[in-house]
Amino acid sequence: MGLSTAFTELFGVEHPIALAPMGGSAGGALTAAVSRGGGLGLLGSGNGDQDWLARELPVLVDECAGNPWGIGFQTWAIDDGVIARTLEHNPTAVMLSFGDAGPFVEPVRSAGAALILQVTDMAEARRAVDLGADVIVAQGTEAGGHGARHGRSTLPFVPLVVDLAAPVPVLAAGGIADGRGVAAALALGAAGALLGTRFQATTEALVAPATARAIVEGRGEDTERNRVLDIARASRWPAQYTARTLGHPFLDEWRGREGELATAPHAQEAYEDAVAQGKIPVLPQWASQAIDLINDLPSAADLVGTLAAQAEDALARAGGR
């Protein structure tokens, strides 16, 4: 029967499913695969690194087969030049997360791209409405990777944002890894779901094989939100955004000692040495609490259709009770 929502109508896509623009791992092949599968692929540009974009954008454009696609940025890490250069490639949508998107709204609108704003608390949600977002992503704290240090879980957060933003379509994000989660998002009033960790475990994702295996084999209780790994890596992530990751030796060593870690003279050097020696992953293994639901490594294009079919089935079964 298909799941038609305000989101699918806005972008002309078949399914109410979007790829989270995970920095560095949602590359051109993964983004294109999600778009070919009938969802909306969003390239994970992160801070807008030009060398990375120069490599991944041609792959995306070549493989997306003319389907709609977008690109996402960490708002705190970019400038006007990054947005301007990106818009030259005519993305269907630009998604901005983690920071004030105000300075970038007009360029995106002038280029005719849809503006997607991700929010992690109610203050950010109100700001997104004021800025005139075309789509708002409500991210709960179950999400893998970065999110609100003092946020809310997806289940109570999404309907609040839906009510606040109406009639602007809202996507639910955080802890969604199968079609039942997509169905739940729709039941909460969202127009679709944005998935990250589930798409990390696909054949097209730009992740190390060990990370993909860790996601498939991991459990939700193996994840936790922390700033330790950002501090150890000398990352400039704002303190209000922590990251949900799988376990990590540095996390075990420095948990609860973030202030001490920030001033420890040799900690960052020790971290870099451990990476160089292969003792720890090059990047933290971002993972949501829903990883128990992930047990295979399919093609992302096939996965979109599977998720949609599962969602339809879940909604049909709920409607028959």
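None of the values given here were measured: they were computed from a predicted structure.

1. What to know about the environment of G24
1) Next: If you trace the backbone, G24 turns up in the loop between β1 (17–19) and α2 (28–36).
2) Next: Sequence separation of G24 and E56 is 32 residues, and the distance between their C-alpha atoms is 9.8 Å.
3) Next: For G24, the contacting residues outside a window of four places in its chain are G44, W52 and L206.

2. Overview of the layout of surface pockets
1) Next: Within this model, the largest pocket holds a volume of roughly 910 Å³.
2) Next: Lining of the largest pocket is provided by 46 residues; of these, P21, M22, G23, Q74 and W237 occupy positions nearest its centre.
3) Next: Elements with a minimum of two residues in the lining of the largest pocket: β2 (41–46), β3 (69–74), β4 (93–97), β7 (145–148), β9 (192–195) and α9 (197–200).
4) Next: Along the lines of polarity and charge, the residues of the lining of the largest pocket split into 20 nonpolar, 22 polar and 4 charged.

3. Topic: the pairing of strand β6 (residues 135–139)
1) Next: A large share of β6 lies buried, amounting to 5 of its 5 residues.
2) Next: The two faces of β6 match: V135, V137 and Q139 on one face and I136 and A138 on the other face are all buried.
3) Next: Sheet topology places strand β5 (residues 114–119) next to β6; 4 bridges connect them, and they run parallel. Of the residues in β6, the one forming a bridge with L117 is I136.
4) Next: As paired strands, β6 and strand β8 (residues 170–173) are joined by 4 bridges and run parallel to one another. The partner of Q139 across the bridge, within β8, is A173.

4. Some thoughts on the sheet that holds strand β11 (residues 241–245)
1) Next: Read from one edge of the open sheet, 3 strands run β7-β11-β10, paired in antiparallel fashion. Across the chains shown, the open sheet's two edge strands, defined by having one partner strand only, are β7 and β10 (224–226). Going from strand to strand, the sheet's axes swing by 40 degrees on average, the running direction of each strand aside.
2) Next: For β7 and β11, the ladder comprises 4 bridges, and the chain directions are antiparallel. Note that in β11 the partner of G147 across the bridge is T242.

5. Things to note about the packing of helix α4 (residues 80–87) against helix α5 (residues 102–110)
1) Next: Between α4 and α5, the least distance of the axes is 10 Å, while the angle of their chain directions is 20 degrees. Overall, the two elements α4 and α5 adopt an arrangement that is roughly parallel. Where α4 crosses over α5, the two elements pack in a sense that is right-handed. Across from D80, I83 and L87 in α4, the residues of α5 making contact are P103, F104, P107 and V108.
2) Next: In the contact of α4 with α5, the residues fall into 6 nonpolar, no polar and 1 charged.

6. Structural notes on the pattern of salt bridges
1) Next: Under the definition given, this model contains 12 salt bridges.
2) Next: Between R109 and D134 there is a salt bridge, and its shortest N-O distance comes to 3.5 Å. With R109 in helix α5 and D134 in the loop between α6 (122–131) and β6, this pair connects stretches of sequence that are 25 residues apart.
3) Next: Overall, D134 belongs to the partly exposed group, its relative accessible area being 26%.
4) Next: Note that D296 and R198 form a salt bridge whose closest N and O atoms lie 3.0 Å from each other. Separated by 98 residues along the polypeptide, D296 in the loop between α14 (267–276) and α15 (300–319) and R198 in helix α9 bring together distant segments of the chain.
5) Next: Among the residues examined, D296 registers a relative accessible area of 35% and is labelled partly exposed.
6) Next: Through salt bridges with shared partners, a single network forms among R219, E221 and D222.

Here is what the cut-offs are and how they apply
Residues numbered from 1 in each chain as written. Predicted model: local features only at pLDDT ≥ 70, side-chain atom pairs only at ≥ 80, totals over all residues. Heavy atoms only, no water. Helix = DSSP H or I, 4+ residues; strand = E, 2+ residues; numbered from the N terminus. Contact = heavy atoms within 4.5 Å. 1 Å grid on protein atoms, 1.4 Å probe; cavity = no way out; pocket = protein on both sides within 12 Å on 5 of 7 lines; lining within 4 Å. Points joined across faces, edges and corners; volume = space filled by probe spheres on them. Nonpolar A, V, L, I, M, F, W, Y, C, P; charged D, E, K, R; others polar. Buried < 20%, exposed > 50% of the residue type's maximum accessible area, 1.4 Å probe, protein only. Pairing = 2+ DSSP bridges. Axes fitted to C-alpha atoms, helices over the stretch in contact; angles between N-to-C directions. Parallel < 35°, antiparallel > 145°, perpendicular 65-115°, else oblique. Left-handed = near helix turned anticlockwise from the far one by under 90°. Salt bridge = Lys/Arg side-chain N within 4 Å of Asp/Glu carboxyl O.

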